[in-house]
Amino acid sequence: MSSTCEITGLSEEQVAQWPHIHAVLTGGDLPALSESANSYSKDLDFTIASHRQPKGEEKRREGLITHLERSLTTRFKGSNLIVFGSSKTGLSLKGGDLDLCLEMPPKDQKKTVKRISGMLRSQGMESVQALTRATVPIVKFIDPRSGFMVDISINNTLAVHNTRLLSTYAGLDKRVGEVTKCIKHWALHRNLSDAAEGTLSSYAWSLLAIQHLQMEGLIPNLQTGKDRTFVEVDGMEFDLTMDTDAKGNDSKASLAELVTSFFHRYSNWDWSEQVVSIRNGSPLTRESKGWMNEEPSAITIITTKKQKPGRMGEHHLCIEDPFNLDHDLCRVVRPEGEMRIRDELIRAAAMFANGAKWSEICTTVDPERLSNLEPDDLFHDLRTKSDDDVKNMRDKVAGELDSLEMRIQALEDERQVTIRMAKAMRGVIEETSDLRKEHKTTIQGLSKRNKEIDSIKNQRDVINTNIVIPLHMIEDELSKVYKRLTTEIDIHRVPSLNREKEQFSWFFELQAMHAKGREASEHHQRFIQLVKEQKSEIKKLKVFESEHDETTAKLLAEEPLLKDKDITTNEARSYDRRVVNIQKALRTRRGELHKLRREAGRLDAWIRKKAGGERGRGDRRGGDRGRGKGKGRGSKSPREKAVSNAPMTLGDISGLLSALDSTDEKKEKKISSKKAGMRKLGNLGAHRGNRGSYKKKE
Ligand code: UTP
Ligand code: MG
């Protein structure tokens with residue numbers, strides 16, 4: 001059985017997990033400030049250089065923003081798309097996300113977020129997630145063309161303002177951006193900057209960096225000044241005062257000194273008393289802020305024996321938002337996250353003090369997690385493979401591509417047919433020239449019968465609204481009145497003349513009603529008969545349709561995405577649903593197609609590159625070894641890289657895949673010509689007409 005620490009209550013395993021914080025909590029010394037900070041200069045410079053945007057990335061980012069701006073502002077009239085976050089502040093690491101804010105008149109934000117995600121899916125964006133429960137609803141997705149991860153939030157006004165504040169800080173001195181990037185790089189690799197996973201957001205790490213630089217005297221506090229600017233956001237007033245003309249202070253501290261002192265500062269930070277506040281320019285006390293150190297603490301929760309230890313108190317690693325003063329950025333931090341953050345800060349400071357390498361300090365925790373970030377070298381997994389292995393991989397991908405294309409074609413065909421079925425059942429299809437003869441006759445019959453059904457139903461209903469008494473009651477009453485009028489009269493109870501007149505006129509009225517009632521009943525019988533016929537014809541049509549193409553039918557039967565989604569009735573609505581399901585399956589399959597094409601392109605490019613390399617091998621190879629500082633080396637063109645063995649990035653390869661892109665264009669053209677064909681048919685695809693008009697209203 002594992003023992004428990006008497007002071008902290010942590011188990012042996014937990015001590016092994018967080019040894020540095022445990023050592024401090026049990027009376028160990030806090031790390032000293034590194035005495036050889038400047039020995040880290042080169043490594044830190046290299047880290048900053050490695051996060052420089054690759055050539056062409058800016059263009060791709062701009063292209064994506066323009067595309068999103070165009071589609072969102074067309075869809076949501078009166079809206080405006082604003083870039084915020086690190087891509088605006090310049091504090092972004094390579095592969096960082098793109099934060100966008102859609103400013104628009106107040107509306108149901110959750111609904112808007114869902115509509116945006118629908119739109120993005122239809123544009124082929126990947127991993128689209130609508131986070132409607134977040135404080136600020138957000139849509140997350142990946143653009144498969146550029147590889148950018150994008151977050152779109154709505155009316156995230158304060159974020160736009162705090163981005164401006166951070167940008168202004170970054171503009172004061174280039175060391176602000178450099179220090180922040182180094183801290184963000186370390187936090188990313190040590191897995192400490194993921195709010196969704198219970199650690200701090202990247203933004204929070206930027207605030208920690210700014211507070212540190214304020215305290216080091218590198219930058220002033222930009223939120224001072226007598227003339228205050230108040231702005232109302234969502235009914236609340238915020239002080240957005242910001243001195244955009246301020247200058248940086250004349251500090252001589254080097255980047256390495258500022259980075260090492262960052263870790264020293266925060267490993268020594270008294271989280272039980274201090275609140276990080278860039279708004280104040282220096283830390284506040286918890287008391288002045290009213291943010292007391294609340295129980296249960298992280299360690300209490302972690303060491304509790306209870307099955308459900310409850311939620312951690314709100315304020316532990318207090319970091320005040322510069323504008324939303326009630327917002328403590330540690331709100332997202334979970335107990336394990338807090339332990340890790342504190343442990344890692346002490347670890348890094350101690351390693352600096354002991355002269356460990358920067359690369360060791362930043363050793364990647366759980367590398368799998370970062371695999372979606374753009375690798376430095378797109379061919380890293382192919383370099384150790386033989387040419388035959390790569391060719392086999394390419395053949396395998398080609399085979400998968402073929403079968404996926406067939407599957408997509410089958411889905412396309414089925415979608416077209418299902419749309420026609422839905423239209424046919426509503427009796428709206430007019431033009432059926434491209435359908436087979438039997439099919440055509442059946443569909444025309446359906447259309448005619450539908451009209452007849454409507455007309456008969458109308459006639460029956462008109463009569464029924466005029467004659468409220470059902471036919472069988474009219475008949476009963478008729479026979480009663482007839483009996484009364486024709487039986488022998490009891491001479492002691494002779495009816496009055498008026499009564500006699502009334503009886504006769506009631507009799508004639510009943511007779512007239514009876515004739516109409518019978519007419520309605522005949523209509524009703526006919527109506528039932530027609531509906532039966534219609535149902536049986538639709539059944540035939542369904543059988544016919546499912547046999548319309550054996551290959552398609554077989555492929556569809558094997559389509560797992562459509563399993564359990566088949567129609568159960570013969571009504572038009574179920575065909576509509578089927579169209580929706582097919583559409584969903586198509587979207588997923590097209591996403592897979594895109595990935596496979598990209599992989600095929602990558603393998604092709606490698607095979608070409610190897611062939612080119614064989615021919616041109618010589619001086620060039622030596623030039624690629626190591627990462628020299630010479631300007632020319634890092635800026636080879638993709639073509640140059642392709643014929644040498646230089647690592648290639650996603651940006652480089654997109655140029656080499658242009659042939660592939662042109663295939664895509666052809667494909668897109670084909671699809672749009674199909675759309676035009678449908679338009680000729682009256683654009684009556686299930687729900688399509690409605691959607692079109694809805695868009696216009698927006
Ligand atoms: P991020 O955490 O994505 O920060 O928040 P970032 O600076 O863009 O970092 P990377 O490069 O993507 O890792 C994006 C923006 O969201 C706002 C801030 O404006 C931040 O710049 N934000 C984030 C808040 O206002 N409050 C928060 O708690 C988090
Ligand atoms: Mg961001």
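Let me begin by describing the structure that accompanies this report. These numbers were taken from a predicted model, which means no experiment stands behind them. (Residues numbered from 1 in each chain as written. Chains lettered and ligands numbered in written order. Predicted model: local features only at pLDDT ≥ 70, side-chain atom pairs only at ≥ 80, totals over all residues. Heavy atoms only, no water.)

Overview of the overall build of the chain
The test is simple: Counting from the N terminus, the helices are the DSSP runs of H or I reaching at least four residues and the strands are the DSSP runs of E reaching at least two. Here, two residues are considered to be in contact whenever any of their heavy atoms come within 4.5 Å of each other. What sets the accessible areas is the Shrake-Rupley method with a 1.4 Å probe; for residues, cover comes only from the shown protein chains.
The helix and strand inventory of the chain stands at 26 helices and 9 strands. Summarising the internal contacts of the chain: among those between residues at least 6 apart in sequence, 71% fall at separations of at least 24. A total accessible area of about 38,700 Å² is found for the chain, and carbon and sulfur atoms account for 51% of it.

Things to note about the sheet that holds strand β1 (residues 80–84)
By way of backbone hydrogen bonds, the strands of a sheet pair with one another, either parallel or antiparallel. In plain terms, the rule: Following DSSP output, two strands are said to pair if at least two bridges run between them. A fitted line through C-alpha atoms represents every axis, and for helices the fit uses only the stretch in contact; the resulting angles, taken between N-to-C directions, go from 0 to 180 degrees.
Read from one edge to the other, the open sheet built from 5 strands follows the order β1-β2-β5-β4-β3, with strand pairing classed as mixed. Each edge of the open sheet carries a strand with a single partner, namely β1 and β3 (126–131). Put simply, the sheet's adjacent strands are angled 20° from each other on average, direction ignored. As paired elements, β1 and strand β2 (residues 98–103) share 5 bridges and run antiparallel to each other. From the neighbouring strand, V83 faces β2, where its bridge partner is L100. Its contacts with the sheet place helix α4 (residues 57–75) against β1, β2, β4 (138–142) and β5 (149–154), and it is angled at close to 150° to β1.

Some words on the coordination of the magnesium ion (ligand 2)
Selection criterion: For Na, K and Ca the donor cut-off is 3.2 Å; for every other metal, N, O and S atoms count as donors within 2.8 Å. Water does not enter the count, which can leave sites looking incomplete. The buried label goes to any residue with under 20% of its type's maximum accessible area, the exposed label to any with over 50%, and the partly exposed label to all in between, with areas taken from a 1.4 Å probe on protein chains only.
On the protein side, the magnesium ion (ligand 2) has D97 (OD) and D99 (OD) as donor atoms, found 2.1 Å from it. For D99, a relative accessible area of 12% corresponds to the buried category.

Brief notes about the packing of helix α9 (residues 202–215) against helix α10 (residues 255–267)
The condition is simple: The labels follow the angle: roughly parallel below 35 degrees, roughly antiparallel above 145, roughly perpendicular from 65 to 115, and oblique for the rest.
Relative to each other, α9 and α10 sit at 105°, their axes nearing to 10 Å. It follows from the interaxial angle that α9 and α10 lie roughly perpendicular. Listed contacts from α10 to W205, L208, A209, Q211, H212, L213 and M215 of α9 are L258, S261, F262, R265 and Y266.

Quick look at the packing of helix α3 (residues 41–50) against α10
Packing of α3 against α10 brings their axes to within 9 Å, and their N-to-C directions diverge by 90°. What the angle tells us is that α3 and α10 run roughly perpendicular. Between α3 and α10, the residues in contact are S41, L44, D45 and I48 and L255, A256 and V259, respectively.

Considerations on the site of ligand 1
This is how the line gets drawn: Near, as used in this document, describes a residue that has one of its heavy atoms within 4 Å of the molecule or strand being considered. Contacts described as polar in this section are N or O atom pairs within 3.5 Å, which, within protein, must combine one atom able to donate a hydrogen with one able to accept it, while residues neighboring in sequence count only if both atoms come from side chains.
Taken together, 14 residues lie around ligand 1, and S86, D97, D99, N162 and S202 are the ones closest in. Here T163 contributes a side-chain N or O atom positioned 3.3 Å from an oxygen atom of ligand 1. Within the backbone of Y203, a nitrogen or oxygen atom sits 3.4 Å from an oxygen atom of ligand 1. In isolation ligand 1 exposes 570 Å². Once the protein is present, 79% of that is buried. At the level of secondary structure, the elements contributing two or more residues to the shell around ligand 1 comprise α7 (157–172) and α9.

Observations regarding helix α6 (residues 109–122)
Because each turn of an α-helix spans 3.6 residues, side chains separated by three or four positions in sequence point in the same direction. The condition is simple: Between the first and last residue of a helix there are one fewer steps than residues, each counted as 1.5 Å, and that sum is the expected span.
Its 14 residues place the ends of α6 20 Å apart at the C-alpha level, agreeing with the 20 Å of an ideal helix rising 1.5 Å per residue. Every buried residue of α6 is listed here: T112, V113, R115, I116, S117, M119 and L120. The N-terminus of α6 is capped by D108, whose side-chain oxygen sits 3.1 Å from the backbone nitrogen of K110. Phi for G124, located one or two positions after α6, is positive at around 85°.

Quick word on α9
Over its 14 residues, α9 runs 20 Å from end to end, which matches the ideal 20 Å to within 8%, given 1.5 Å per residue. Burial runs high along α9: 11 of the 14 residues are buried. Those residues of α9 lying buried are A204, W205, S206, L207, L208, A209, I210, Q211, H212, L213 and Q214. In this structure, the buried side of α9 is in contact with α7, α8 (174–189), α10, β8 (274–275) and α13 (335–353). The positive-phi residue at the C-terminal boundary of α9 is G217, with phi of around 80°.

Some thoughts on the nonpolar core
Going by this rule: Residues enter a nonpolar core if they are buried and are Ala, Val, Leu, Ile, Met, Phe, Trp, Tyr or Cys, with the set joined through side-chain atoms within 4.5 Å.
The biggest cluster of nonpolar side chains holds 61 residues, and the ones touching the most others in it are W186, W205, F263 and W358. Sorting the residues of this core by element identifies α3, α7, α8, α9, α10, α13 and α14 (358–361) as the ones contributing at least two each. W186 has contacts with L192, W205, F263, E344, L345, A348, W358, I361 and C362, leaving out every residue within four places of it along the chain.

Concerning unusual backbone geometry
Omega for the peptide link from E295 to P296 comes to -5°, which places this bond in the cis form. In this structure, S127 is a non-glycine residue whose phi angle is positive, near 50°. Looking at the secondary structure, you find S127 in strand β3. If you check the backbone angles, D366 has positive phi at about 55° while not being a glycine. On the basis of relative accessible area, D366 is assigned to the partly exposed category, the value being 40%.

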